[in-house]
Amino acid sequence: MAWEFFSIIGIMAFAISGAIVAMQEEYDIFGVYLLGIVTAFGGGAVRNLLIGVPVSALWEKEMLFQIALFSMTVLFLFPNGLLKHWYRWGNFFDAIGLSAFAIQGALFAVEYNLPISAAVVAAVLTGSGGGIIRDLLAGRKPTVLKHEIYAVWAALAGLLIGFEIVTKDLYLYLLFIVITVLRILSYMYKWRLPFKSLQGSQQ
Amino acid sequence: MAWEFFSIIGIMAFAISGAIVAMQEEYDIFGVYLLGIVTAFGGGAVRNLLIGVPVSALWEKEMLFQIALFSMTVLFLFPNGLLKHWYRWGNFFDAIGLSAFAIQGALFAVEYNLPISAAVVAAVLTGSGGGIIRDLLAGRKPTVLKHEIYAVWAALAGLLIGFEIVTKDLYLYLLFIVITVLRILSYMYKWRLPFKSLQGSQQ
Amino acid sequence: MAWEFFSIIGIMAFAISGAIVAMQEEYDIFGVYLLGIVTAFGGGAVRNLLIGVPVSALWEKEMLFQIALFSMTVLFLFPNGLLKHWYRWGNFFDAIGLSAFAIQGALFAVEYNLPISAAVVAAVLTGSGGGIIRDLLAGRKPTVLKHEIYAVWAALAGLLIGFEIVTKDLYLYLLFIVITVLRILSYMYKWRLPFKSLQGSQQ
């Protein structure tokens with residue numbers, strides 16, 4: 001049950017996030033759908049690939065595909081006036097998708113009895129993979145790599161689930177909310193991890 | 001028979017298209033071959049991956065590899081004077097490759113008894129995948145996502161073949177010509193799908 | 001024995017090379033680890049994928065993962081003053097990684113009894129794949145495609161090992177040194193292959 005919930009929420013949020021980026025880049029309607037689909041399913045594809053599950057398993061649940069299409073159609077039909085104010089929501093949907101998919105990816109690894117490290121990797125990749133592909137295709141620098149704390153929250157979810165500290169559905173939903181809020185706070189208050197700049201020393 | 005025809009035409013056209021982009025970006029001869037090969041085989045690799053066929057199946061037909069190498073060698077040895085005028089042909093070869101691979105990808109899905117949606121996805125990915133990888137490696141924004149109507153023609157081929165409206169070889173060849181011409185017309189007359197701009201609202 | 005040696009050296013060199021690029025791009029500490037890991041394991045992942053070995057085989061040797069983490073931690077803790085001078089070493093580590101992984105990739109293909117062409121492809125992809133992914137994620141144009149002679153040295157290693165001219169461990173180590181030195185010389189003296197410029201004829 002929790003699994004379906006996180007899948008559906010994640011697919012919707014990332015499909016919308018991809019569609020918003022596509023509109024910002026002036027892609028046509030086909031480009032909007034394409035980027036939305038790639039963002040929604042990209043993280044899962046990379047995760048399946050690395051964990052050794054056939055990527056084609058993604059296509060088994062046609063309902064998810066239809067949910068993604070439906071979400072983007074609603075977005076595309078939205079009155080332009082409202083949408084103009086929506087740009088702030090790009091990061092909001094991205095945060096929801098990150099959180100939902102990180103938890104789902106970690107649950108996936110636990111279900112297959114993979115080690116803790118695989119749960120963390122699966123959480124990070126499923127959570128951030130779609131966004132990385134989205135940013136690459138849109139010619140942007142991947143958000144996950146530069147800005148405010150992002151994938152660390154996915155790794156945290158992976159740890160908590162990998163060590164089976166969080167297992168019950170109720171706590172998973174709670175974790176989902178906590179991770180989403182932490183990511184949004186990171187964005188709003190520009191929380192950053194320590195970094196070491198070598199800029200200016202490019203070859 | 002039709003299958004081999006579309007494979008060979010698609011491989012040749014995309015190998016040449018990749019090589020032209022590499023020359024425009026001043027890559028050396030190795031870069032020209034590398035980008036040509038990646039463009040020629042990239043779409044099929046992504047398709048195999050997503051549809052659940054081993055990617056390594058690509059290497060079974062060594063002849064295709066040799067055809068790609070041969071096409072690029074001919075291009076590289078072409079007199080520079082003529083080549084300077086060839087830049088217009090970059091899109092021409094890309095259109096041929098798109099059309100040939102879209103049809104081939106859809107036939108592939110039908111042969112494996114996959115649903116209609118998979119035929120459309122396979123047509124779009126096989127048709128446009130190589131070009132997307134080519135553009136990413138060359139540091140360009142993927143053509144498929146921004147410019148004039150492109151992948152929609154691949155999707156159309158996927159629908160017609162997926163619904164088994166077009167099955168006979170003769171009609172497949174006809175479809176190949178129609179799709180190629182539609183893409184070239186899209187490019188020449190700048191046909192665009194509706195789009196919704198959120199530009200200027202970047203975060 | 002030689003196999004483990006090349007794996008370890010390659011993983012260390014590419015992890016450091018990815019981490020240096022991440023610092024130049026001002027990524028935070030998580031970004032440094034992420035880019036280092038992706039650079040260290042990316043080439044092998046692409047190779048496994050194309051050769052038909054499960055990508056998940058990468059995770060079996062957890063020691064390699066720990067070696068990569070350790071190398072990057074040492075780098076991150078390095079005094080900034082010294083590190084400022086290290087930028088020249090980015091290419092040095094990249095050269096070591098290229099050489100070690102090209103040899104390892106070719107050995108891999110020989111072990112699986114694949115044809116010569118596969119040995120060359122495996123050498124090139126394993127040697128340069130991680131660097132390509134690193135450059136794409138960092139928003140740089142892939143080094144392999146533009147600059148001084150690079151992947152050709154990997155292809156050379158692939159040929160020598162594919163034809164089983166070099167088989168004994170001792171000669172493999174020697175080949176490793178030769179390829180690394182050739183790449184460094186290419187960089188220092190700007191050796192280039194012939195290229196044919198179509199620049200200025202962009203569409």
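Residues numbered from 1 in each chain as written. Chains lettered and ligands numbered in written order. Predicted model: local features only at pLDDT ≥ 70, side-chain atom pairs only at ≥ 80, totals over all residues. Heavy atoms only, no water.

**Some words on unusual backbone geometry**
1) Next: Phi is positive for Lys190 of chain A, which is not a glycine, with a value near 50 degrees.
2) Next: Structurally, the position occupied by Lys190 of chain A is in the segment after α9 (169-188).
3) Next: Lys190 of chain A gets classed as exposed once you look at its relative accessible area, which sits at 57%.
4) Next: If you check the backbone angles, Asn113 of chain B has positive phi at about 55 degrees while not being a glycine.
5) Next: Tracing the sequence through the fold places Asn113 of chain B in the loop between α5 (89-111) and α6 (116-137). (Helix = DSSP H or I, 4+ residues; strand = E, 2+ residues; numbered from the N terminus. Buried < 20%, exposed > 50% of the residue type's maximum accessible area, 1.4 Å probe, protein only.)

**Re the environment of Ala40 of chain C**
Residues and elements named next belong to chain C.
1) Next: Tracing the chain through its elements places Ala40 in helix α2 (residues 29-51).
2) Next: We classify Ala40 as buried; its relative accessible area is 2%.
3) Next: Considered as a pair, Ala40 and Phe65 are 25 residues apart in the sequence and their alpha carbons are 9.0 Å apart.
4) Next: Other than its neighbours up to four places away in sequence, Ala40 contacts Ile11, Phe14, Ala15 and Phe101. (Contact = heavy atoms within 4.5 Å.)

**What about the pattern of salt bridges?**
1) Next: Within this structure, the stated rule accounts for 12 salt bridges over all chains.
2) Next: Arg134 of chain A serves as the salt-bridge partner of Asp135 of chain A, at 3.2 Å between the closest nitrogen and oxygen. Considered together, Asp135 of chain A and Arg134 of chain A belong to a single accessibility category, that of buried residues.
3) Next: Via salt bridges that share partners, Glu25 and Arg140 of chain A together with Lys141 of chain B belong to a single interconnected network. (Salt bridge = Lys/Arg side-chain N within 4 Å of Asp/Glu carboxyl O.)

**Considerations on the UniProt feature "transmembrane region" (unreviewed entry) in chain A**
Residues and elements named next belong to chain A.
1) Next: UniProt's feature table lists "transmembrane region" (unreviewed entry) at residues 6-23, 30-51, 63-83, 92-110, 116-137, 149-166 and 172-189, given in the numbering used throughout.
2) Next: Between the end C-alpha atoms of residues 30-51 the distance is 31 Å, and the span holds 100% helix and 0% strand.
3) Next: Structurally, residues 116-137 is divided into 100% helix and 0% strand, and its ends, taken at the C-alpha atoms, are 31 Å apart. (UniProt positions renumbered as here; feature names shortened; annotations may be inferred.)

**Let's talk about helix α1 (residues 2-24) of chain B**
Count 3.6 residues to each turn of an α-helix, and residues three or four apart come out pointing the same way.
Residue and element names in this part refer to chain B.
1) Next: Over its 23 residues, α1 extends 33 Å from the first C-alpha to the last, a length consistent with the 33 Å expected when each residue adds 1.5 Å.
2) Next: Of all 23 residues making up α1, 18 are buried, and the element is well covered by its neighbours.
3) Next: Phi for Glu26, located one or two positions after α1, is positive at around 65 degrees. (Expected span 1.5 Å × (residues − 1).)

**Quick look at the packing of α1 of chain B against helix α9 (residues 169-188) of chain B**
Residues and elements named next belong to chain B.
1) Next: Remark: α1 packs on α9, axes separated minimally by 10 Å, with the N-to-C direction vectors making an angle of 20 degrees. Between α1 and α9, the crossing angle belongs to the class labelled roughly parallel. On the side of α1, the interface is formed by Ala2, Phe5, Phe6 and Ile9, while α9 contributes Asp169, Leu172, Tyr173 and Phe176.
2) Next: Considering only residue class, the contact of α1 with α9 consists of 7 nonpolar, no polar and 1 charged. (Axes fitted to C-alpha atoms, helices over the stretch in contact; angles between N-to-C directions. Parallel < 35°, antiparallel > 145°, perpendicular 65-115°, else oblique. Nonpolar A, V, L, I, M, F, W, Y, C, P; charged D, E, K, R; others polar.)

**Some points on the side chain of Thr39 of chain A**
All names here are of chain A.
1) Next: The topology assignment puts Thr39 in helix α2 (residues 29-51).
2) Next: The class for Thr39 is buried, based on a relative accessible area of 0%.
3) Next: Among residues more than four places away in sequence, those in contact with Thr39 are Phe14, Ser17, Gly18, Gly130, Gly131 and Arg134.

**So, the nonpolar core**
Buried together is how nonpolar side chains tend to be arranged in soluble globular proteins.
1) Next: Among the nonpolar cores identified, the biggest contains 208 residues, and Phe41 and Ile103 of chain A, Phe41 and Ile103 of chain B together with Phe41 and Ile103 of chain C are the most heavily contacted of them.
2) Next: Once you skip the residues sitting within four places of it in the chain, Phe41 of chain B turns out to touch Ile11, Leu58, Leu64, Phe65 and Ala68 of chain B.
3) Next: In this structure, Ile51, Phe108, Ala109 and Ala122 of chain A belong to the second largest nonpolar core, which totals 6 residues. (Core = buried A, V, L, I, M, F, W, Y, C linked by side-chain atoms within 4.5 Å.)

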